[in-house]
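Now for the letters of each chain:
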Amino acid sequence: MAELLEIKDLTKKKWDFKAKWSRRTRQNFWIGVLFLAPWFIGFILFTFYPLAASFVYSFSEYHSRKPLIWVGLENYQTMFTDKLFWTSLWNTLYMVIFAVPITLLTSFLCAVLLNLKVTGQSIYRVIYFLPSIVPTVASTLLWLWILNPQAGVMNTLLGHLGINGPNWLSDPTWSKPSLILLGMWGMGSTIVIYLSGLQDVPVSLLEAAELDGANWWQRLRYITIPMVSPITLFNLITGMIFMFQYFAQAYIFRGTQGLGSPLNSTLFYSVYLFQTGFQYLKIGYASAMAWVLFIIILVCTILMLKVSDRFTYYAG
Amino acid sequence: MKNNLFKVLTLIVLTSMLLTGCGGQPAAAPAPKELNVWITWGDNPQQLQELFDKYGKVNNIKVIVTAPVEDDKVLPALTGSEPPDILILGGGDLVKSYAKEGLVVELSDAIKTGGIDLSDIFDAPLSQCKDGDKILCLPWGTDIYALYWNKDLFEAAGLDPNTPPETLEQMAEYADKLTKVGGDGKLEQIGFIPDQAWGHTDLYSHMFGGFWYNNDGTQVTANSQPMIDALTWQQQFFKKYGFDNVLAFSTGFGDQYMSPDYPFYTGKLAMMVDGEWQTGPNFIAKFKPELNYGVAPLPPPANHPESANSGMVAGTVAVIPANAQNQDASAKLLAWMMSPEIVAEEMCFNANLPTSKKAAQDKCFTDNPKFKIFVDLMGSPGSSYVVTTPISLEFNDAYSLAEEKILHTGADPKTELDQLQNDFAPKLEEALK
């Protein structure tokens with residue numbers, strides 16, 4: 001306990017290295033440093049160094065066994081004329097624009113329903129959460145089967161309704177919606193975060209509104225939605241970042257086809273980045289692309305945080 | 001007491017640093033007596049390990065086979081500090097780009113050191129490893145494609161079950177007769193899908209007398225007449241019954257290549273272009289042993305009779321990484337791998353074509369008359385090989401996109417190929433500088 005207090009004291013002190021520390025304080029300091037070291041060394045080696053290196057490489061032509069060739073801003077300029085770069089950016093924006101809000105809305109609605117006091121509530125919750133435990137690779141492969149145009153469950157069901165199901169996997173119009181569908185199936189964690197937010201909505205407010213004659217919709221619209229708005233913002237930003245970096249599902253979803261198929265409709269930013277760097281061996285260009293993606297995500301996040309002031313309500 | 005606590009903590013932290021690999025490099029260990037072989041394919045890693053164990057036994061060295069290695073792991077290994085001693089790739093597509101980056105060695109020295117007899121290797125597969133006078137890889141096994149047809153379906157359609165089509169044009173007519181459309185407009189059986197499972201434009205364009213590069217890989221010839229002809233010929237199989245209709249039929253079977261549900265086995269696909277392994281023990285014999293089928297070289301188009309009895313070779317190649325620790329040891333292991341007995345044993349097991357002329361004499365390859373067709377095709381003077389360049393991978397992806405547009409959406413072959421030509425002619429020029 002005494003040691004704890006001493007460490008606490010240390011944090012209050014100004015960082016004056018000349019100040020004389022007692023032997024014990026010095027010892028505590030180094031113990032602290034030692035505890036930090038594994039993380040810090042790991043961070044320097046595996047996060048900071050690659051980050052810095054990719055920044056340097058982005059201004060060069062990188063050949064692993066030859067010295068770097070400086071090309072200045074050429075890699076960044078190439079992006080403007082690279083058709084595939086724009087295709088991949090558009091595909092990614094499509095996912096951000098459509099997948100994020102759709103997933104957000106449906107997971108909120110699911111959470112509201114799962115929050116209703118009905119018999120078997122916990123069973124429903126488990127059922128909705130289960131898909132998110134399934135590993136990405138497994139669930140993606142599963143959906144390849146569900147969406148198989150010949151023998152898939154989806155088109156068989158649609159067939160019973162008299163609808164001639166589309167070629168989910170091989171039609172460029174349907175490939176991205178298929179991926180959105182696949183993503184919605186695994187939105188359990190978003191639902192859970194919303195559920196916890198819903199539990200925090202003060203019952204007193206809801207009761208007061210009910211006494212004032214507010215109906216179900218009004219209570220949802222004027223109390224629940226504003227009260228969970230910080231959660232919405234959190235889900236929105238993490239969802240957006242996830243979609244900008246969308247990779248694994250698209251990588252697996254192509255089945256036996258090439259990356260990005262059909263017709264490059266699933267060539268997302270990260271997929272193209274991977275292809276450029278690790279298949280075409282243009283590490284410099286891929287590094288530049290990575291930094292552009294970083295800037296895009298940064299700008300979008302800042303914008304969203306700025307705009308969020310208008311619709312986010314922080315209680316307390 | 002305090003001091004002890006300090007020591008214990010230091011110990012814990014240092015141990016955790018070691019465990020997380022942050023403690024810096026351990027002292028350099030003496031060179032271990034082992035060789036690493038990486039193979040980017042391999043349905044049966046155990047068999048591959050047993051094969052290389054033979055080398056280990058004779059030479060008193062441990063050979064560790066890793067198969068299948070994910071493609072993504074190859075590049076870090078070639079650029080890192082722990083490369084394999086030999087790398088075996090599924091195809092030659094990447095070899096020239098690796099060579100351009102200085103990641104693999106030119107093999108002349110290794111061939112001398114190991115005493116590899118180049119004259120024993122069939123010309124077509126060896127050519128895919130050559131860059132001018134340089135030899136960048138050695139072909140271990142190889143593949144070639146031919147026409148398979150279902151004799152029962154031929155008979156049912158009123159065709160002679162023992163006579164395959166004689167020209168590509170006739171093949172299209174046969175395909176028409178072999179296609180059945182149901183009452184709802186959906187396909188029930190189809191004569192031929194030119195890109196079922198994967199595309200074969202290399203073979204089709206070869207039949208029309210060309211390829212997407214010139215012979216020495218110095219020029220892109222994507223919009224040459226043979227390429228346009230090859231894609232126009234393929235497109236008709238989709239056009240006739242509706243692009244979406246054929247595509248739905250075809251993708252429905254996409255993932256069932258190695259399964260009894262493959263459409264050629266179930267009689268839903270009457271003709272297919274496929275490789276020699278289908279005649280071996282692991283495909284038709286395993287999934288549909290009673291299938292009554294025939295094999296023949298793909299017929300040539302009527303205006304290119306000289307292409308008869310030929311094919312397009314591509315397949316497994318071995319390279320030595322430039323950063324491999326002991327180049328002599330790699331060379332010796334490569335020489336052993338390339339010896340006729342070992343080539344025969346491995347390729348016999350997988351029902352792939354042996355690249356060694358001596359190995360090809362083995363009963364395993366000559367006893368099965370259907371397999372023999374492929375061996376003969378490989379040795380045929382008309383057969384060619386898939387030309388590669390340092391931009392092969394990037395070109396292949398762009399080409400696949402163009403092919404997809406042409407075959408699956410009905411885009412005009414000439415327009416798409418012109419575009420491809422314009423995009424890639426300068427890229428190749430740049431890459432070859």
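Residues numbered from 1 in each chain as written. Chains lettered and ligands numbered in written order. Predicted model: local features only at pLDDT ≥ 70, side-chain atom pairs only at ≥ 80, totals over all residues.

Draft legend 1. The arrangement of the overall build of chain B in detail. Within chain B, the secondary structure is distributed over 19 helices and 16 strands. Projected onto its principal axes, the C-alpha coordinates of chain B cover approximately 90 × 50 × 50 Å. Across the 433 residues of chain B, 47% fall into the buried class. (Helix = DSSP H or I, 4+ residues; strand = E, 2+ residues; numbered from the N terminus. Buried ≥ 20, exposed ≤ 12 C-beta atoms within 10 Å, placed from the backbone.)

Draft legend 2. Local environment of the sheet that holds strand β12 (residues 293-296) of chain B. All names here are of chain B. Taking strand neighbours across the sheet as the criterion, the five strands line up as β9-β10-β11-β8-β12 in an open arrangement whose pairing is mixed. Whereas interior strands pair on both sides, the edge strands pair on one side only; in this sheet they are β9 (180-181) and β12. Here strand β8 (residues 145-150) runs beside β12; their pairing, made up of four bridges, is antiparallel. Of the residues in β12, the one forming a bridge with Leu147 is Ala296. (Pairing = 2+ DSSP bridges.)

Draft legend 3. Quick peek at the sheet that holds strand β2 (residues 62-66) of chain B. Residue and element names in this part refer to chain B. Taking strand neighbours across the sheet as the criterion, the five strands line up as β2-β1-β3-β14-β6 in an open arrangement whose pairing is mixed. The two strands at the open ends of the sheet, each matched to only one other strand, are β2 and β6 (138-139). Across the sheet, helix α14 (residues 327-338) touches β1 (34-39), β3 (86-89), β6 and β14 (317-319), and the angle it forms with β3 is around 40°. (Contact = placed C-beta atoms within 7 Å. Axes fitted to C-alpha atoms, helices over the stretch in contact; angles between N-to-C directions.)

Draft legend 4. Fine view of unusual backbone geometry. Residues and elements named next belong to chain B. For the bond running from Ala67 to Pro68, omega is -10°, close enough to zero to count as cis. With respect to the secondary-structure elements, Pro68 resides in the loop between β2 and α3 (71-79). Phi at Asn309 is positive, roughly 55°, even though this residue is not glycine. With respect to the helices, strands and loops of the structure, Asn309 is situated in the loop between β12 and β13 (312-313). C-beta crowding within 10 Å serves as the criterion here: with 17 such atoms nearby, Asn309 is assigned to the partly exposed category. One non-glycine residue, Ala351, adopts positive backbone phi at about 55°. Tracing the backbone through its elements, the reader meets Ala351 in the loop between α15 (340-350) and β15 (353-354). Residue Ala351 is classed as buried on the basis of its 22 C-beta neighbours within 10 Å.

Draft legend 5. Spotlight on the interface of chain B and chain A. Counting residues at the interface gives 32 residues for chain B, matched by 32 residues for chain A. Here the element with the most residues in the side of chain B that touches chain A is helix α18 (residues 392-409) of chain B; it accounts for eight residues. The residue makeup of the side of chain B that touches chain A, split by class, is 13 nonpolar, 11 polar and eight charged. (Nonpolar A, V, L, I, M, F, W, Y, C, P; charged D, E, K, R; others polar.)

Draft legend 6. Looking closely at the nonpolar core. Of all hydrophobic cores here, the largest spans 126 residues; its most connected members are Ala318(B), Val319(B) and Leu334(B). When residues no more than four places from it in sequence are discounted, the contact partners of Ala318(B) are Ile86(B), Ile88(B), Cys137(B), Leu138(B), Trp140(B), Leu334(B) and Met337(B). Ranked by size, the runner-up nonpolar core spans 33 residues in total, among them Tyr57(A), Tyr269(A), Leu273(A) and Tyr285(A). (Core = buried A, V, L, I, M, F, W, Y, C linked by C-beta atoms within 7 Å.)

Draft legend 7. Looking closely at the domain arrangement of chain A. Taken as a whole, chain A is organised into domain 1 (2-57) and domain 2 (76-311). Spacing between the C-alpha centres of domain 1 of chain A and domain 2 of chain A amounts to 39 Å. (Domains from an automatic or database assignment.)

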